[in-house]
Amino acid sequence: MVAQAVALFPGGAQSKMNLRKSIGVLLQAGLQAAQDTGALPAFEVPADIPVEPGRHAAHGDYGSPVCLGLARVLHQAPIRIAQAVAEHVPAAPFVARVEAVAPGFVNFTLDPAWVAAQVPDILATGERWGSVSEGEGQRVQVEFVSANPTGPMTVHATRNAVIGDVLARVIEAAGYEVQREYYVNDAGSKVRHFGGSILSRYAQLFGADIPFPEQGYPGAYVTEMAQQAADAFGDRYLAMDQAEAVRELGRWGIDQILKGVEEDLALLGIRFDNWFSERSLYESGLFGEMMARLAAGGHIMQRDGATWFMHPDLDKDAVLVRSPQVIDNPEDRPTYLASDIPYLWNKLVVRGFDKAIYVWGADHHGDVPRVKAAAKAVGLDPERIVIILYQMVTLLRGGEEVRMSKSSGEFVTLRDLLAEVGPDPIRFMMLARTVDVTLEFDLDLAVEQSDRNPVFYVKYAHTRIAGVLRHAEEQGWDPESVGDAALLTHPSELDLIRKMLSLPEVITLASTNMAPHHLTSYATELASLFHVFYRDCRIVSNEPGEADLTRARLMLARTAKSVLARVLHLMGMTAPERM
RNA sequence: GCCCCUGUAGCUCAGUUGGAUAGAGCACUGGCCUCCGAAGCCAGUGGCCCGCGUUCAAGUCGCGGCAGGGGUACCA
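Treat the numbers as computed from the prediction; the structure is a model and nothing was measured. (Residues numbered from 1 in each chain as written. Chains lettered and ligands numbered in written order. Predicted model: local features only at pLDDT ≥ 70, side-chain atom pairs only at ≥ 80, totals over all residues. Heavy atoms only, no water.)

A short note on the packing of aromatic side chains
Move 1: Under the counting rule described, the total for this entry stands at 17 aromatic pairs.
Move 2: Both rings, one in Tyr182 and one in Trp275, keep their centres 4.6 Å apart while their planes meet at 25°; by these two values the pair is stacked. Taken together, the residues Tyr182 in strand S6 (residues 177–184) and Trp275 in strand S7 (residues 274–277) connect sequence positions 93 residues apart.
Move 3: Residue classification places Tyr182 among the buried positions, given a relative accessible area of 0%.
Move 4: Cluster of aromatic residues (ring-pair linked, three or more members): Tyr202, Phe206, Phe233, Tyr237 and Trp252. (Phe/Tyr/Trp six-rings, centres within 6.5 Å; stacked < 30°, edge-to-face > 60°. Helix = DSSP H or I, 4+ residues; strand = E, 2+ residues; numbered from the N terminus. Buried < 20%, exposed > 50% of the residue type's maximum accessible area, 1.4 Å probe, protein only.)

Given below as structure tokens:
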């Protein structure tokens, strides 16, 4: 045993690493030490050591299969390697036992006294508990929602909003500097179609007949907007040139819609640092610069009077950038890709973000290779682009799917959901699945305030602790007193603390995998372990001789409450004192 | 046709990048409040779409099927 204490996990606010990684570092040291003493032949210590939480009590708290993989390189039985490593792992204050177990796992058991001693640190760290420094201050941008501003937020866009927002929160907790941006698609033909739709309805109010655009927006909200326009502006748009009226009403309409989107998102607890106009990419001349840059690189081709983008990575020979069907304004008919290229340049070069994260519905998956190819073509590293694709949402009501169709203008909006369900269940339900699966959103379940609804389980644990703390105060206990953590020795107490100690790992996992759904399962597990602790351990005891234990348990309860609040807030949910 | 996602318990889903005995909620059955919030806890029933392959080890990787959803460039 190498007599070298390793301060890998200082705990508290200074904690920059998670326990799993610390165990990995210990294993690396053990692998090296075993070679140095000749217990193992020389080989290169792997840079990345797999460590995972033990799934069964017999496996300890963490285990690593690294020696199973080394068996081939070293031409030795994995169990022999594991034994050699286990003997050479340096001592660390948080590890009580290191064992080699057949067929070749190295298992670690945390020291219970160390575990208990972390409680005051976690409590003192408060809402910063769980933060890690993976990001090392890198500046990243998360662009999300970015729904067309031609109609209210749909449930599909709501999933986007929740994923993007929670991702941003998690990435911040992982040590990145994050900007949240909404990309406003205010260029192109849809503004015209939208403006034309409003104008047509508007004209009807004055008894005039302006045909409804073929690709117009039929929803009832358009008619309501026309009424608002009539109230605010009178009939002035009938007097002016029709194309001009379409343009002005289109821009006015977009502003109205965006205001509504901003309000609805605020009710969900989501705000953006920046709203970025697509049109500005054309007005600033950046689009032209990018086209010139692409042309210089031989990536532009003219065909049928249109402009096409070419790149060897594409499965098609070329992708349309700009259409020949230009009328008066040449910027009116760009394609999606056209603005995406200058936008990307703006993010990564002009504004200098280290990474650009996009949250897209899976129906856009076909655009991924194009944007990556465009990045390469203008000389940007495609690794700096991270695109999260999430699958569709289906709504259930009364056990049946609610059919939605944007073309008919009939769809359930975020505003409907907020009125019917409220922000917390929306967020939890939208978050509880991986982005890769179609989300089934059960409206009846979401509104149901019962034990069938998982949303309330976590919040209930928080309020339950709040209730216990209130009770303690009524009994004369000082809720702020710091107890003696060494008295926390019950298995249910230690299980609860170990779960709290693993929050940094969850944040690392969710951030590196861009998988915010891990938070929901963590929150549920943490709540569950509190309930078990509550069942097994009387917190507030007036028995003589149990005053110190009560103080210690009150401290643990407050700590659990703090960590629960931290997780709820990472998910953008409230942590109520009563419910 | 081609591309992407999915297929795990009766239902809805996890499964920490290939590890040890595959987990949770709901539903169903039975138990637990004269003491801190029973929106809670405990116990029981029950599962990896099919085939081949890679590997010491496959729910996880590869190939081929089957099934469902999405996309397929002038709407973005």
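Description of the layout of surface pockets
Where empty space is left becomes clear once a probe the size of a water molecule has been rolled over the atoms.
Move 1: Of the volumes computed, that of the second largest pocket is approximately 670 Å³.
Move 2: Along its surface, the second largest pocket is lined by 25 residues, and Pro53, Gly54, Asp61, Lys499 and Ser502 are the ones closest to its centre.
Move 3: Elements represented by at least two residues in the lining of the second largest pocket include exactly helix H1 (19–36), strand S4 (105–110), helix H19 (491–501), helix H20 (503–512) and helix H21 (518–536).
Move 4: Here the element with the most residues in the lining of the second largest pocket is H21; it accounts for five residues.
Move 5: Looking at the lining of the second largest pocket residue by residue, the classes come out as ten nonpolar, seven polar and eight charged.
Move 6: For the lining of the second largest pocket, the domains that each give at least three residues are domain 1 (12–110) and domain 2 (119–134 + 451–570). (1 Å grid on protein atoms, 1.4 Å probe; cavity = no way out; pocket = protein on both sides within 12 Å on 5 of 7 lines; lining within 4 Å. Points joined across faces, edges and corners; volume = space filled by probe spheres on them. Nonpolar A, V, L, I, M, F, W, Y, C, P; charged D, E, K, R; others polar. Domains from an automatic or database assignment.)

Focus: the packing of H19 against H20
Move 1: With their axes 4 Å apart at the nearest point, H19 and H20 run at an angle of 35° to one another. Of the residues in H20, those touching H19 at Lys499, Met500 and Leu501 are Leu503, Pro504 and Glu505.
Move 2: In terms of residue class, the contact of H19 with H20 is made up of four nonpolar, no polar and two charged. (Axes fitted to C-alpha atoms, helices over the stretch in contact; angles between N-to-C directions. Contact = heavy atoms within 4.5 Å.)

Remarks on the packing of H1 against helix H3 (residues 78–88)
Move 1: Viewed as axis vectors pointing N to C, H1 and H3 meet at an angle of 105°, and their least axial separation amounts to 8 Å. As judged from the angle between their axes, H1 and H3 are roughly perpendicular. Contacts from Leu27, Ala29, Gly30, Leu31, Ala33 and Ala34 of H1 reach H3 at Ala84, Val85 and His88.
Move 2: In terms of residue class, the contact of H1 with H3 is made up of seven nonpolar, two polar and no charged. (Parallel < 35°, antiparallel > 145°, perpendicular 65-115°, else oblique.)

Points about the sheet that holds strand S5 (residues 139–143)
Move 1: Read across the sheet, five strands follow the order S7-S6-S5-S11-S12 without closing on themselves; strand pairing throughout is parallel. Each edge of the open sheet carries a strand with a single partner, namely S7 and strand S12 (385–390). Across the sheet, the mean angle from the axis of one strand to that of its neighbour is 25°, orientation sign disregarded.
Move 2: Relative to S7, S6 runs parallel, the two being bridged by four bridges. Looking across to S7, one finds that Tyr183 is bridged to Phe276.
Move 3: Contacts from helix H13 (residues 336–350) reach S5, S6, S7, strand S11 (355–361) and S12 within the one sheet, and its direction differs from that of S11 by about 145°.
Move 4: Sheet contacts for helix H14 (residues 368–377): S11 and S12; angle to S12, the most-contacted strand, approximately 175°. (Pairing = 2+ DSSP bridges.)

Quick word on the protein's contact with RNA strand B
Move 1: Inspection of the region around RNA strand B gives 64 residues, with Arg72, Ser323, Asp436, Tyr457 and Arg464 positioned closest.
Move 2: Backbone atoms, meaning sugar and phosphate, form 62% of the atoms of RNA strand B found within 4 Å of the protein.
Move 3: Arg433 has a polar side-chain atom sitting 2.8 Å from a sugar or linking oxygen of RNA strand B.
Move 4: Listing elements by their share of the surface near RNA strand B, those giving two or more residues are strand S1 (52–53), helix H2 (66–74), S4, helix H7 (189–205), strand S10 (319–322), helix H18 (454–474) and H21.
Move 5: Looking at the surface near RNA strand B, the element that brings in the most residues is H18, giving nine residues.
Move 6: Among the residues making up the surface near RNA strand B, the classes are represented as 22 nonpolar, 23 polar and 19 charged. (Near = heavy atom within 4 Å. Polar contact = N/O pair within 3.5 Å; in protein donor to acceptor, adjacent residues only side chain to side chain.)

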